[in-house]
Amino acid sequence: MWKKAILWAAAALASLIATAETGYELWQRYAPPAQATIASQYRSLLAVHFRSGTPTDSVLLAELDRAFQGMLRSRPRLSPSPQSAGLIIQLFQESAVAAWWPSSVPQQCGPEGFAVHHRVVAGRSQVFIGANTSIGLLYGTFHVLRHMAAGRPLAGVATAGASAPATRWRMLNHWDNLDRSVERGYAGQSIWNWHTLPDYIDQRYIDYARANASIGINAVALTNVNANATVLTPAYLEKVKALAQVFRPYGIRIFLTARFSAPIEIGGLKTADPLDTAVQGWWQRKADEIYQRIPDFGGFLVKANSEGQPGPQNYGRHHADGANMLAKALAPHAGVVIWRAFVYSHETPEDRFKQAYQEFVPLDGRFDSNVLVQVKNGPIDFQPREPFHPLFGALPRTPTMMEFQLTQEYLGFATHLVYLGPMFTEVLGTDTHRPTAGNTVADVVSGKSFGYTQTGMAGVSNIGADLNWTGHPFAQANWYALGRLAWNPRLDAASIANEWIAQTFTQQPAAVASIRQMMMQSHEAVVNYMTPLGLHHIMGYGHHYGPAPWYDKASRADWNCTYFHRADQHGIGFDRTSTGSNALQQYAPYWQQQWASAKSTPLSLLLWFHKVGWSEGLPNGKTLWQNMALQYQQGVQQVQQMQQSWAQLRQAVDERRHQQVTQLLHIQASEAVWWRDACLSYFQTFSKQPLPAGVPAPQHPLEYYQQLRFPYAPGQAH
Ligand code: BDP
C-alpha cells in the first residue's frame, strides 16, 4: 500500500518535471530513448574504455556522465581493457582502435576530425571512437551522443571513414555590447556579464561552451562589430582571458572586434592610419599583450568603413592596407583577421547591391595569408530571401568566409518561428559557376574551389540571457543548424531538423514528422508574408520591426524602403539588369543569362532584378499584382497551418514549451496579417487594382498602418 503510494508519487513528480521544461538544456536534454529495445542496446556502452589526461578529456568524461545519467539513468564505468568495454574512445596513436579504419583515416581526420566504428560481438554493441587529438575525441563523443539522444539504433552511428570539418573557423559572431545590450538581440541581455568577470564564472559560460562544442563550433567573437575599443584595455582583457580559460577545453577560440580607431581612443595616438609606423607598432604591442594572456587567441573581426565605422579609407588607404596591418600584428602568434565585406559608402550613389564587389574584387590577391574576408550570404543585408552574394567565387585569391545571421533581425525577431536551415542550404547549394560550373557557394567557402588555406562560416548569434537562450524555443534550431552546416555544408536542412527535434522535443516519429514539416515550410512562409517575389528591405525604419514599405524619410537614399521596391503606377521592382544598375554583371555569365530577362528569372527573385508592370502576366497565368497578393495571403495561411499542426502536438511536447510556442505562433499569425494588409494596402495605391479572390480586405485603412510607431522595439543600437 505504502509502496504503491510512493511509486505513484514518484511517477507524478516525474511527469510534473517532464512537463516543466525551460529549454535551457537546448538539444542536450539527454532524454531516455523512447524505445526499450534501443535503451537496452545503449546500455552496453556504459562500460567505457578511455584514458583521460587533458582538460578536454575531463570535459568529455563529464559529458558522458551527464548524458548517460539522463538517457540510461546510470553512470558510465571505466573499463581497463578495450575488450571488455562497449565504448572505446582512443587516439589513433593509442593503437587498439587503429585496426578499425583504413590507414588513410587518421590523416583525413586532421586535427579536429574523428571516426566512429560500430560492431556487434556476442549480441552486444561495441562503438569505437578514434581521433588524432583530444578535441577530435570530444567531437566524436558528441557525434555518438547526438545519435543516442535522437533515439536512433546504434548500427547507424558509424561514420563513413573520417568525419572532418569542412571549414577551419566555425563561428558565432556576438553583436554584444559592453553594457550588456545586444545589437539586434531579441533574447534578453548579453550572456557576458562584464561587470562580474573575471572572478565570477557563470555556469552559463560552461553550458554555452558545451552546446557549441556539441555542434562543432570552435570560435566566437564576443563583441559587437560596431566595436568599442574599451574591450582591448587591460582590465577587459583580463575578463576575456577568464572566458578563454572556460572555453579552451571545449576547443573554442576567442576573437574580439577591433575598432579601427582604437590607437587614438585608447592608445593616445593622433592617427589610426594603417601605414603609420606608430600605429603599426601600437597594434603589434596590443597583439603581444593579448597573446600573453590568451595564447590561443583567434584574432580580430573587423567592420571598417561601413555604416559610420572608422577604417583605413579615413586615411585614403584601402581595405587590404587596413587588414594587412592587423594581420602582421597577429601573424607571429598565428592569429587571423576576419575582415567584413559588408561595406557601402555614404558618398557613392551607386546601387548598394554592387558596392562590396566593387571594393573587394580589385583587392583580390592583396590580402596577407592570415586574412579572411567575411561576406554576408546576400548582397544587401540578411533579407528573408536574397540571391547569393556575387563575391562568392569572385575572390579566387582571398579566403572568402560566409556570414549568416541567426538573430532574426529581418525575420520577425525572436517572436516568429522561422527555421533557417532551408535558407542556409539554398545559398550554400547554389552553383556560383565560378571559375566553372559545379562550384557551389559551399565549395567556395570550404576552400574546394580555389584551395583557400583559411576557411570559415559564421552566424550572427541569436543568444541572450533568456532562460531558453534564444527567446523562441525554435530559434535554438538556427544556432544548431549553423554549427552542423559549418562542419558539413552538404547536410540537408530536413535531416538537421530531424535530429534537432528528436533531441530537443520528442522522438515520436509522427510528432517529429509534423514538427519537421512546420519547420521546413516556415522560411517560405515568412518570405511570403513579408517580402514575396523578391521584394526586400521594406521593414520599419531603424528597428526593422513590421512593414513600412512607404518609408522614405531616411537621411540616405538606400536606407529608405522606397529605394528598394521602386513602386509607382507602372510597376514595382529594382531593375538591376543592363537597362538599370547592372548589378547582374557581377555574376558569372550563367547567372547573367538566367536573370537577364524577367521570363527566365524565378518568381522568388523576380523583383530583385526587374521592374515589372502590375498587369504583366507571369508564367503561372496570373498578373504580377495577383501573384503578389496571393503570396501574401499564402504566407498568412502557412502560419495558420503551423498553428493547427502545433495544436495537435499537445501530447507530444512538454506543456510549458508547448504553451510558449502556441502563444508565439498566435503573435506571428497576427503579425503575418499585419504585413499582408499593410503592404497590399500600400502597393494597391500604385496598382489601383482590386485584390484577387481569396485575399480578404485589409483590416484597417493604410493610414492606420502608417501611423504605428515602435520607439522601444528591441535590439536597437546604442
Ligand atoms: C545591419 C544591422 C546593423 C549591423 C549591420 C552589420 O541593422 O545593426 O551593424 O547589419 O552587419 O543589418 O554590420
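S.K.: Please set out helix 10 (residues 319–330) residue by residue, giving values where relevant.
M.R.: Here helix 10 spans 17 Å end to end across twelve residues, near enough to the 16 Å set by a 1.5 Å rise per residue. Taken together, the buried positions of helix 10 are H319, A320, G322, A323, N324, M325, L326, A327, A329 and L330. Against the buried residues of helix 10 lie helix 9 (277–293), strand 9 (299–302), strand 10 (336–340), helix 11 (352–360) and strand 11 (371–376).

S.K.: Describe the nonpolar core, naming the residues involved and giving the relevant values.
M.R.: Core analysis: the biggest nonpolar cluster contains 222 residues, and F68, F247, W283, W479 and F683 have the highest contact counts within it. The dominant element in this core, judged by the number of residues it contributes, is helix 21 (residues 655–687), at 13 residues. Contact partners of F247, with chain neighbours within four places excluded, come to W192, Y205, Y208, A209, V220, L222, I252 and I254. Grouped together as the second largest cluster of nonpolar side chains are eight residues, A85, F92, W101 and V105 included.

S.K.: Report on the pairing of strand 12 (residues 400–405), specifying residues and quantitative values.
M.R.: Of all six residues in strand 12, six are buried, a share of seventy percent or more. The pairing of strand 11 with strand 12 spans four bridges and is parallel. The partner of V375 across the bridge, within strand 12, is M402. Pairing between strand 12 and strand 13 (residues 456–460): four bridges, direction parallel. In the strand pairing of strand 13, F404 is matched with G459.

S.K.: Lay out the packing of aromatic side chains with the relevant residues and their values.
M.R.: Under the defined criterion, the tally for this structure stands at 53 aromatic pairs. Plain terms: the ring middles of Y139 and W487 are 5.1 Å apart, the flat faces sit at 75° to each other, and that makes the pair edge-to-face. Of this pair, Y139 sits in helix 5 (residues 134–149) while W487 sits in helix 14 (residues 476–487); the two residues are 348 residues apart in sequence, bridging distant segments of the chain. Residue W487 is classed as buried on the basis of its relative accessible area of 8%. Between F388 and W591, the aromatic rings sit 6.1 Å apart at their centres with planes inclined by 65°, giving edge-to-face as the arrangement. With F388 in the loop between strand 11 and strand 12 and W591 in helix 18 (residues 589–596), this pair connects stretches of sequence that are 203 residues apart. Exposure remark for W591: the relative accessible area of 13% places this residue in the buried category. Counting every residue linked through ring pairs, the aromatic cluster contains Y24, W27, W192, Y205, Y208, F247, W469, W479 and Y480. Here R204 stacks its cationic end above the ring of W469, 4.4 Å away from the centre of that ring. It is R566 that lies over the ring of F574; its NZ or CZ is 3.7 Å from the centre.

S.K.: Talk me through the packing of helix 16 (residues 509–530) against helix 21; I want residue IDs and the actual numbers.
M.R.: Where helix 16 meets helix 21, the axes come as close as 9 Å, and the angle between the chain directions of the two elements is 30°. Classified by the angle their axes make, helix 16 and helix 21 are roughly parallel. Along its contact with helix 16, which presents M518, Y529 and M530, the element helix 21 presents L665, Q668, A672, W675 and R676. A class-by-class count of the residues in the contact of helix 16 with helix 21 yields six nonpolar, one polar and one charged.

S.K.: Give a detailed account of the side chain of D65, specifying residues and quantitative values.
M.R.: Mapped onto the elements of the fold, D65 is located in helix 3 (residues 55–72). Taking relative accessible area as the criterion, D65 reaches 17% and is therefore assigned buried. Among residues more than four places away in sequence, those in contact with D65 are R75 and P76.

Cut-offs applied
- Residues numbered from 1 in each chain as written.
- Predicted model: local features only at pLDDT ≥ 70, side-chain atom pairs only at ≥ 80, totals over all residues.
- Heavy atoms only, no water.
- Helix = DSSP H or I, 4+ residues; strand = E, 2+ residues; numbered from the N terminus.
- Expected span 1.5 Å × (residues − 1).
- Buried < 20%, exposed > 50% of the residue type's maximum accessible area, 1.4 Å probe, protein only.
- Contact = heavy atoms within 4.5 Å.
- Core = buried A, V, L, I, M, F, W, Y, C linked by side-chain atoms within 4.5 Å.
- Pairing = 2+ DSSP bridges.
- Phe/Tyr/Trp six-rings, centres within 6.5 Å; stacked < 30°, edge-to-face > 60°.
- Lys NZ or Arg CZ within 6 Å of the ring centre and 35° of its normal.
- Axes fitted to C-alpha atoms, helices over the stretch in contact; angles between N-to-C directions.
- Parallel < 35°, antiparallel > 145°, perpendicular 65-115°, else oblique.
- Nonpolar A, V, L, I, M, F, W, Y, C, P; charged D, E, K, R; others polar.

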